[in-house]
Every structure is written in structure tokens, then in C-alpha cells.
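Residues per chain, in single letters:
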Amino acid sequence: MGLLYLGTPLPWDEAKKYADHVRTHGITQFLHIWDRLKDRTGDELLWGDEIEYMVVAFDEQEKSAKLSLRQTEILAKLSDIVHDISAGLRYEVDTLMLLTDHFSVAVPNFHPEYGRYMLESTPGSPYTGYIQDLLSVECNMRYRRALARKHLKPNEIPLTFTSFPLLGVQGHFTEPYFNPNDAVSSHSFFLPEEITNPHARFPTLTANIRSRRGSKVAINLPIFFDEKTPRPFVDPTIPWDRNIYKEDSDAKNGAALPDHIYLDAMGFGMGCCCLQLTFQACNVSDARRLYDGLIPIGPILLALTGASPIWRGYLADVDCRWNVIAGSVDDRTEEERGLKVIPKSRYDSVDLYISNDGFNRPEYNDNYLPYDESIYDRLRAHGIDDLLSKHMSHLFIRDPLVVFSETINQDDTSSSDHFENIQSTNWQTLRFKPPPPNSPIGWRVEFRSMEVQITDFENAAFAVFVVLLSRAILSFNLNLYIPISKVDENMATAQRRDAAAKAKFHFRKDVYPPGRSGASSEEYEEMSMDEIINGKGDNFPGLLRLIYAYIDTLDIEPRELAKVGSYLDLIRRRANGSLITPATWIRNFVRSHPTYKHDSVVSQEINYDLLLAIDEM
Ligand code: ADP
Ligand code: MG
Ligand code: MG
Ligand code: MG
Ligand code: MG
Ligand code: MG
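Once a new chain begins, its residue numbering starts again from 1 and follows that chain's sequence as written. Chain letters and ligand numbers both follow the written order, the letters beginning at A and the numbers at 1. Owing to the predicted nature of the model, reporting of local features is limited to residues with pLDDT of at least 70; listing and counting of side-chain atom pairs is limited to 80 or more, with chain, interface and lining totals taken over all residues. For side-chain calculations, the full set of non-hydrogen atoms in the structure is used, while hydrogens and water are omitted.

Asks: Is there a simple way to think about the pattern of salt bridges in this case?
Replies: A side chain of one charge can pair with a side chain of the opposite charge if their charged atoms are brought near each other. Here, a salt bridge means any side-chain nitrogen of Lys or Arg that lies within 4 Å of a carboxyl oxygen of Asp or Glu. The final tally for this structure, using the stated rule, is 48 salt bridges. For glutamate 62, the salt bridge is made with lysine 66, and the minimal N-O distance between the two is 2.9 Å. A salt bridge links arginine 361 to glutamate 363, with the nearest nitrogen and oxygen atoms 2.8 Å apart. Three or more residues are tied together by salt bridges with common partners; here these are Asp20, Arg23, Arg212, Asp331, Glu336, Arg346 and Asp399.

The structure is reproduced here in C-alpha cells:
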């Protein structure tokens, strides 16, 4: 998540009075960064991953697996350990050190996340583009997991699992138990207040999204109809007649749809785990080129990493988390949603290609783009080009959701807090990250669509794949543009059940030449996942072949090539269907469990066996 101040967060009625103040000063802060760093160049490729875990407490007697709400204690412990490691005290870590080759990787970072059962870890310092670093990613991930695991209770396991199957079911799904009737921030039927990180930022974010929107968030996922799932499906576990919060009647008045799994709180989305990657580019225009190049890749890798087919105890007809998170922080008012004033949640896919490269033709930016005209004019008057001005003034249509009374007035020359307040609560598939003030860090791009994978081998494989693809995009100046509305269609397709195996996605054919003007419908066509990754005859070489062409330009030893090849092979096989996605694996596990009743219901016992099987991987 973004910034964690210590301070007093304002309730929505107060916070909204400062919305223009935060936007105005946020842009001033961005302009200071721009003036200082727009010409900065020569930064090397540095990159790093973020992996999120859920801590699950197993009970062998009871055959249950629940979310452990001990994040605060766990993070305090891990931060002591990390501190000792960086001070050179390697006690306790010796056995884990065997996993890794060099010392710098032994100092990871652990961060809090939205869920009180979640941890996030990053490598202590970013990787370089050298092949040796690529090869240490998996070790580093395993080391971080082992370090976390070593400091949990014996029955607690950090799992890289995208969505907890029983989050929000009736009965006990957290350790310890809390009653959802106490959910004063979200007013959820299903998730107790204690599901949320207690830091003031998180309950305030939850409550202010609900207040700004004027209702609870409402997500309806189509249920997976199995042989014995009742039709129509009307969820008997929703407390339809509860009467505690003013929104309690919403469900029966249309918020909860039949034949769907209804979710009503931020925690259902922000409580998911994902895998994110951040890349530093040489300069701002390369960062913009990379950002654009990765936009069409977002939905492709969402589908290929799909890992979340179970929601609130039911099998869903989707494989991915994306629309759940988008809906879970959708703070738009009814008017903003209904009249298409603002077409998307602040968590959604990117709306604008931003590179000034000639490949980026205006017709590719074919989404309706609301933007703040006065901010746009101000950026233009400052000398910033049309596309970057549109990008920023589009992000800045949003209100700041959490404002701390202590940090309302800032020194705009040295702070970026107001800028980040808006920037980091635009949760899109890609994030264009300007350098923080007063740091050696350059212009970066964050790739955010992937679901976290069950094993570190898989997480490393996807990280290596995207790193090498981003290298290929920049060094061959690949042209991957398709109309951005088609990327959005791909986002919807990517989440459908079995999309990786069965769906077709719009993808560009000619990636080398600059493209013929005008004939845009001939530039792209529908391709299967196999064709996008592994090639489509003479029509399209496939992303892996582009990556291997890039690898050919490197001086790389056979042993290293074999290791990189083992990662790329995973991607190849997942794309051609010889390896199934985690979502398909999970769905198959449930459907073949001896106690499954073919009614879409995932019981406590199935959940226990599933998560145990996952730990054993
Ligand atoms: P976020 O704001 O997305 O939560 P994090 O701080 O959690 O960001 O993660 C940022 C990632 O970027 C980490 O993996 C870190 O190693 C990596 N990183 C740090 N510095 C750089 C840099 N200069 N260039 C690229 N990546 C970096
Ligand atoms: Mg995170
Ligand atoms: Mg992070
Ligand atoms: Mg984050
Ligand atoms: Mg962060
Ligand atoms: Mg991130």
C-alpha cells in the first residue's frame, strides 16, 4: 500500500474539504519533481518484485485453516530480525543462508498490507539487469518465505495464495474469531472490523470509500453452476434481514444479484495477494515507452497467472481477482457511475498510452478519458506535453481518500506526499512512478496485474519473463500497440473461467515495423494464449521468441541459459495448456474432493485439505 503516516485521519466530511488543496499541492509537488528530473538520464535497469502472503493458521484436530490476524506482532518480530541481519548478526539465519549466494539478498523487507492476515515482502535492495541477478530471484523469494515462516507459530504458514477461499463465510474463518456485526468501517455483512490492518489509514480508507460512494461497495461474481447447484441460486448465507447498519437493506433491494456471489467490503479485494514488479528505466521517455509496451501485456499475464476461483466459500465462474478489487474500492458516487461521468473505478485498467514515440498513434487512445481541465491546462502551461498532462490530470480527477490533519501543509519543494496521496490510490494495471524527491531513484514503471503464484519457482518464472520482455521491448523498440479499448476487452476476457486455455485475445501481429497508418484493424487479430506466447506461424513470432532473440544478444553461459530456460519453459507450457493455471488446479481439486457435493460449496474441510496440499507444494 502507499504511505503510512502516524497521524489523525479525517472522516470523509472533513477530508473532502481538502480535496482541492491536496490536488493543487500534489500537482505543485509533481512539477517540482519534473523540473528537477525531467532530463535525468543514464539510470540503469534496476528492478524488484513485491510478493504478498496470507498467514494461515492450521488446526489439525479440527481440520480447519483460518486466517491468522497476528500481522502486527509478526511484522514487529520480522523487523527486529531484519534489523539484526543488516547489522551483521546472522544468528538464526545460517541454515537459511544456504539457500542464497550473496549477502545483500539476505536483508529483505517486510511490509504491512490491507488485511490483518497479510504480509508483503520485497528484496532488500533492487536487482540489476545482470543475468546473475535474474538467477538469484527465486532464491531470494524462497529465502524471504523461509524467514517469515521461521518466525511464525508452528501451525502458521505464509501462503502465496490470491484469495482466501473462506473469507467472509458464516462461522469462523479468522483466528481469533470476530463477529462481522462490529464492522463499523465497512458495514459488511461478512467481514469483521478486525480483518483490516488496524493502522488508522486502513479503516479510514474503508469508511471514506463507503461514505464518498454513498453506499457499501457491491461486487457480484457469477457463481459456477455445478451439477447440483440450485437454480436460480439465491445465497442462503446472506443475512438478508439484518438490521444494524443503514445499508443492511441494500442486499434485498437489488445490491445482491441472484446467481451471483455477493461481496460487500473493501477487504474482499484489498485482502487479495498479488505479484508486482517495478522497473527503473534509463530516463523518462524510456519509462513511458516501457509503460505503453506493457499495457497490452497486463491482461495476458492476468489470465496466465489466474489463481482465484473461490470466493466466500463458493466456486465462481471467474479465475481472477481483478474485478473484485476494482469493485472493492469503487468510491464513485451513483451519479459518477450511472451517467458514465467516470467510466471506471480508481482501481482498474490503464486508460491512456503515454509515450511520445511515433508508434503511439492517436487512434490507439480510443477510451473516453475524463480529466481535470484546470490541472491539464496548468501542466500544459508548465511545458508538459499533451499525453503526460492528460495522464496526470486523469489520475487527478479522484479525491484524496485519507487526509491526515498533521500533514495538510507541506513543503512542496521537498515533499511528494500530496502527489502520492492521489497517485498511489489510482490502482491501475500499470503505474508510472516519478522519482521520489531527494532520492537516487529514477523514473519507474510498475506492472501490477498478475496474481501471486503458489510456488516461488512460478513467481520467479513470471518475474523473469516480464523482466526479459521489458528488456526486449526497450532494446528492439517493439511496437505492441492495439487500441486501448481492445486491451480493456482483453481484461474482461482474461477473468473468465479457463481463459488461459480457451479464450482469444486481441493482439498485435507486426511488432517490429512501425505499422502502417490507418489500417489499424489489420494490425491486430484474435489469438489464443498459445499463439501470443509461443507464436502463430508466419503471422506472429510469439513473445517467447522475442525474448530469446533478446537473450541471443547477451553474453550468457550455458548453465545460466538452462536456468533461464527452465523459467521460460513454465510460461511456454502454461500457455500451450500442458500446464494448467493455479485457478484450474484449485477448481479441479475442489470438484474431485471426496466430500464435495457438486453444489459449488467449498466446505471447511475441503478448504483445509486444499491449503494443506498447497503448503506441501
Ligand atoms: P509500492 O509502492 O508499489 O508498494 P514497494 O516499495 O513495495 O512499492 O516495492 C517497490 C519495488 O521496487 C521493490 O521490489 C524494490 O526492490 C524495487 N525498487 C527499489 N528501488 C528501485 C529502483 N530504483 N528501480 C526499480 N525498482 C526499485
Ligand atoms: Mg502490496
Ligand atoms: Mg509494496
Ligand atoms: Mg503496494
Ligand atoms: Mg509501498
Ligand atoms: Mg506495488
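This is not the end of the story, as more comes after the structure.
Asks: Help me out: how do you make sense of the side chain of aspartate 599 in this one?
Replies: As for its placement among the helices and strands, aspartate 599 is situated in the loop between helix H23 (582-591) and helix H24 (604-616). For the buried residue aspartate 599, which engages in no salt bridge, the nearest side chain bearing the opposite charge is lysine 597, 5.6 Å off. Here a polar contact means two N or O atoms within 3.5 Å. Within protein one must be a hydrogen donor candidate and the other an acceptor candidate, and residues neighboring in sequence count only if both atoms are side-chain atoms. A distance of 3.1 Å separates the side chain of aspartate 599 from the backbone nitrogen of valine 601, its partner in a polar contact. In what follows, residue pairs with any heavy atoms lying within 4.5 Å of each other are defined as contacts. With sequence-adjacent residues up to four places away left out, aspartate 599 is seen in contact with Asp226, Lys228 and Thr229. Here a helix means four or more residues in a row that DSSP labels H or I, a strand means two or more in a row labelled E, and each is numbered from the N terminus. Categorising residues by exposure relies on relative accessible area from a 1.4 Å probe, with only protein chains included: less than 20% of the type maximum marks a residue as buried, more than 50% marks it as exposed, and the intermediate range marks it as partly exposed. Charged-residue counts in this description rest on Lys and Arg as positive and Asp and Glu as negative, His and the chain ends being excluded.

Asks: Please explain the environment of leucine 205 as it appears in this structure.
Replies: Mapped onto the elements of the fold, leucine 205 is located in helix H6 (residues 201-213). Each C-alpha atom, one on leucine 205 and one on proline 9, is 9.2 Å from the other, the two residues being 196 residues apart in sequence.

Asks: Quick question: what am I supposed to make of the packing of helix H9 (residues 284-294) against helix H16 (residues 456-475) here?
Replies: Angle between the axes and distance between the axes are the two parameters that describe a pair of packed helices. Between N-to-C directions, angles span 0 to 180 degrees; the directions come from axes that are lines fitted to C-alpha atoms, helices contributing only their stretch in contact. Axis separation between H9 and H16 bottoms out at 10 Å; the angle between their running directions is 120°. The pairing of H9 with H16 is recorded here as oblique in orientation. Between H9 and H16 the crossing geometry is right-handed. The residues of H16 that touch H9, namely those facing Asp286, Arg289, Leu290, Gly293 and Leu294, are Val466, Ser470, Ile473 and Leu474. Residue classes follow a fixed rule: Ala, Val, Leu, Ile, Met, Phe, Trp, Tyr, Cys and Pro count as nonpolar, while Asp, Glu, Lys and Arg count as charged, and any other residue, Gly among them, counts as polar. The residue inventory of the contact of H9 with H16, partitioned by class, reads five nonpolar, two polar and two charged. Should an angle fall under 35 degrees it is taken as roughly parallel, and over 145 as roughly antiparallel, whereas 65 to 115 is taken as roughly perpendicular and any remaining angle as oblique. Take the far helix as the reference: if the near one is turned anticlockwise from it by less than a right angle, the crossing is left-handed, and if turned clockwise, right-handed.

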